[in-house]
Amino acid sequence: METKDVILELRTKKGLSQDELADIIHVTRQAVSRWENGDTIPNTETLKLLSNYFDVSINTLLGSPQQLICQCCGMPLEDATISKEPNGEFNEEYCKWCYSDGEFKYTSKEQLIDFCVEHMANEDWPAEQVRAHMEAVVPKLKHWN
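Residues numbered from 1 in each chain as written. Predicted model: local features only at pLDDT ≥ 70, side-chain atom pairs only at ≥ 80, totals over all residues. Heavy atoms only, no water.

Comments concerning the side chain of Asn91
With respect to the helices and strands, Asn91 occurs in strand β2 (residues 90-95). Given a relative accessible area of 13%, Asn91 falls into the buried group. When sequence neighbours within four positions are dropped, the list of residues in contact with Asn91 reads Ile82, Ser83, Lys84, Glu85 and Tyr99. (Helix = DSSP H or I, 4+ residues; strand = E, 2+ residues; numbered from the N terminus. Buried < 20%, exposed > 50% of the residue type's maximum accessible area, 1.4 Å probe, protein only. Contact = heavy atoms within 4.5 Å.)

Regarding the packing of aromatic side chains
Each aromatic ring pair is characterised by the separation of its centres together with the angle its planes make. Overall, the coordinates contain 5 aromatic pairs when judged by the stated rule. Arranged with centres 5.7 Å apart and planes meeting at 35°, the rings of Tyr94 and Tyr99 form a pair that is tilted. Residue class for Tyr94 comes out buried when judged on its relative accessible area of 7%. On the numbers, 5.7 Å between centres and 50° between planes, the contact of Tyr106 with Phe115 is tilted. By relative accessible area, which is 6% here, Tyr106 ends up buried. The ring of Tyr53 carries the charged tip of Lys14 above its face, separated from the ring centre by 4.8 Å. In this arrangement the basic side chain of Lys84 is found over the ring face of Phe90, its NZ or CZ atom lying 4.8 Å from the centre. (Phe/Tyr/Trp six-rings, centres within 6.5 Å; stacked < 30°, edge-to-face > 60°. Lys NZ or Arg CZ within 6 Å of the ring centre and 35° of its normal.)

What about the pattern of salt bridges?
Two side chains that carry opposite charge are able to pair once their charged atoms sit near each other. Tallying each qualifying case throughout the model produces 6 salt bridges. In this structure, the salt-bridge partner of Glu45 is Lys48, at a minimum N-O distance of 3.5 Å. Of this pair, Glu45 and Lys48 are both found in helix α4 (residues 44-54), 3 residues apart, which corresponds to roughly one turn of the helix. (Salt bridge = Lys/Arg side-chain N within 4 Å of Asp/Glu carboxyl O.)

As for the layout of surface pockets
As a volume, the largest pocket reaches approximately 230 Å³. Along the walls of the largest pocket sit 14 residues, with Cys73, Met75, Phe115, Cys116 and Met120 positioned nearest its centre. Looking at the lining of the largest pocket, its residues break down into 11 nonpolar, 2 polar and 1 charged. (1 Å grid on protein atoms, 1.4 Å probe; cavity = no way out; pocket = protein on both sides within 12 Å on 5 of 7 lines; lining within 4 Å. Points joined across faces, edges and corners; volume = space filled by probe spheres on them. Nonpolar A, V, L, I, M, F, W, Y, C, P; charged D, E, K, R; others polar.)

Let's talk about the environment of Leu112
Along the polypeptide, Leu112 turns up in helix α6 (residues 109-120). Taking the C-alpha atoms as reference, Leu112 lies 8.7 Å from Cys98; in sequence the two are 14 residues apart. In contact with Leu112, not counting residues within four places along its chain, are Cys72, Cys73, Cys98, Tyr106, Val138 and Trp144.

Below is the structure:
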């Protein structure tokens with residue numbers, strides 16, 4: 001989905017006119033119209049305002065051009081699992097289980113890996129395989145470098 005379609009869909013789901021959204025985001029109705037026609041996309045600051053208002057990530061507003069993964073544990077991220085900063089803004093680098101209220105839950109790779117092994121292992125994915133997978137993935141993630 002393209003940015004123009006995402007903005008149109010989010011606006012109509014809220015039952016807003018272009019004028020109403022423009023007033024909320026502090027832009028002109030013409031700006032909203034240009035976004036929805038695909039003539040332009042909102043600037044970074046406006047994307048942040050739209051993200052906060054609609055409670056979706058900037059990645060979603062941009063049509064999900066990239067698959068985000070938590071840079072602490074490697075889990076794929078969606079709007080429902082992306083962490084938020086204390087001010088409510090999305091932090092698109094981490095999941096809400098690794099980073100919450102401005103703080104990281106895990107203080108070491110080993111602590112994270114042990115937790116994941118304990119909670120992810122099952123009959124189809126034995127603990128040894130989970131550990132091997134996490135030990136291969138976690139050290140490559142931004143948070144641990």
